[in-house]
Amino acid sequence: QVQLVESGGGLVQAGGSLRLSCAASGLTFGWYTMGWFRRAPGKEREFVGAITWSGLSTYYADSVKGRFTVSRDNAKNTVYLQMNTLKPEDTAVYYCAADKFGPGNNVPDHRYDYWGQGTQVTVSS
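What comes next concerns the included structure. What you see is a predicted model; the values in this text were computed from it and never measured.

Conventions used here
- Throughout this description, residue numbers start from 1 for each chain and increase along the sequence as written.
- The predicted origin of the model limits local features to residues at a pLDDT of at least 70 and limits the giving and counting of side-chain atom pairs to 80 or more, whereas totals for whole chains, interfaces and linings rest on all residues.
- Side-chain measures were taken over the full set of non-hydrogen atoms in the model, leaving aside hydrogen atoms and water.
- Helical segments are the DSSP runs of H or I of at least four residues, strand segments are the runs of E of at least two, and each set is numbered from the N terminus.
- Taken over C-alpha atoms, the radius of gyration is set against a globule rule of 2.2 Å times the number of residues to the power 0.38.
- For every residue, the accessible area obtained with a 1.4 Å probe (protein chains only) is divided by the maximum for its type, and the residue is called buried under 20%, exposed over 50%, and partly exposed between those limits.
- Contacts are assigned to residue pairs that have any heavy atoms within 4.5 Å of one another.
- Surface accessibility in these figures is a Shrake-Rupley result with a 1.4 Å probe; residues are shielded only by whichever protein chains are displayed.
- By the counting scheme adopted, Arg and Lys are positive, Glu and Asp are negative, and His together with the chain ends is not counted.
- Charge positions come from single atoms, namely NZ of Lys, CZ of Arg, CG of Asp or CD of Glu.
- Strand pairing is assigned whenever DSSP detects at least two bridges linking the two strands.
- Lines fitted to the C-alpha atoms define the axes, with helices restricted to the stretch that makes contact. Angles between their N-to-C directions range from 0 to 180 degrees.
- Whenever a nitrogen or oxygen atom comes within 3.5 Å of another N or O atom, the pair is scored as a polar contact, on the condition that within protein one atom can donate a hydrogen and the other can accept it, and that pairs from neighbouring residues in sequence are kept only if both atoms are in side chains.
- The term disulfide is used for any two cysteine sulfur atoms that are within 2.5 Å.

Our next topic: the overall build of the protein chain. A tally of regular secondary structure across the protein chain gives 0 helices and 11 strands. Written out in order from the N terminus, the α and β elements of the protein chain read β-β-β-β-β-β-β-β-β-β-β. Taking 14 Å as the expected radius of gyration for a compact globule of 125 residues, we find that the protein chain reaches 13 Å, a close match to that expectation. Dimensions along the principal axes, computed over C-alpha positions, put the protein chain at roughly 40 × 25 × 25 Å. Per-residue burial for the protein chain yields a buried fraction of 44% across its 125 residues. Expressed as a percentage of contacts within the protein chain between residues at least 6 apart in sequence, the contacts between residues at least 24 apart total 58%. With the model as given, the accessible surface of the protein chain reaches about 6,300 Å², and the carbon-plus-sulfur share is 47%. Side-chain charges of the protein chain comprise 12 positive and 10 negative groups, with the mean position of each set lying 3 Å from the other.

Let's shift gears to the sheet that holds strand β8 (residues 78-83). The antiparallel open sheet is built from 4 strands, whose spatial order is β1-β3-β8-β7. The sheet is open, and its two borders are formed by β1 (3-7) and β7 (68-73), each paired with just one other strand. Pairwise comparison of adjacent strand axes, ignoring direction, gives a mean angle of 15 degrees for this sheet. As judged from the 6 bridges shared by β7 and β8, these two strands associate in the antiparallel manner. Along β8, the bridge assignment pairs S71 with Y80.

Time to look at the side chain of D90. The residue D90 is located in the loop between β8 and β9 (92-100) in this model. Of note is the side chain of D90, whose polar atom sits 2.8 Å from the backbone nitrogen of K87. Ignoring sequence-local partners within four residues, the contact set of D90 consists of R38, R67, F68, T85, V121 and V123.

It is worth spelling out the state of the cysteines at this point. Counted by the stated rule, this structure contains 1 disulfide. Disulfide pairing is shown between C22 and C96; the S-S distance is 2.0 Å. The disulfide joining C22 to C96 has a torsion of about 55 degrees about its S-S bond and is therefore right-handed. Of this pair, C22 sits in strand β3 (residues 18-25) while C96 sits in strand β9, and the two are 74 residues apart along the sequence. Note on C22: relative accessible area 0%, which makes it buried.

Note on placement: T28 falls in the loop between β3 and β4 (32-39). A relative accessible area of 40% means that T28 is categorised as partly exposed. Remark: the alpha-carbon pair of T28 and S71, spanning 43 residues in sequence, is separated by 17 Å.

Extensive coverage of β4 is indicated by the burial of 7 of its 8 residues. Judged from the 5 bridges that link them, β4 and strand β5 (residues 46-51) form a sheet pairing that is antiparallel. If you follow F37 over to β5, its bridge partner there is F47. Between β4 and β5, which follow one another and run antiparallel, lie 6 residues, and G42 among them has a positive phi close to 75 degrees.

Don't take any of this as a statement about function, it's just geometry.
What follows is the structure, given as structure tokens:
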């Protein structure tokens with residue numbers, strides 16, 4: 001049974017930082033491109049960033065480029081989202097997702113095979 005479990009969310013002031021983790025089990029982690037998505041209240045789920053299965057490429061939404069960094073540790077079956085210079089508009093539930101050998105870029109969320117349950121990030125002004 002595949003499981004993706006996010007952690008690291010919480011309440012932070014604007015300008016602060018958080019690091020989210022997503023621990024994967026039940027799959028061959030190195031075969032999967034890992035994506036991060038978020039859903040803000042009243043809005044649709046949106047792409048945040050992704051790292052390819054090879055770890056060679058990362059992709060980001062324009063809204064987070066230069067502030068967020070996606071990385072992975074295949075030895076720990078874990079993908080990370082380092083979020084710096086957080087803004088109130090970053091407030092959302094953050095989800096990780098896995099896409100087998102996916103390209104990572106311009107991939108609709110319905111292509112992702114597995115999803116975590118999400119972790120809440122709240123940025124106060």
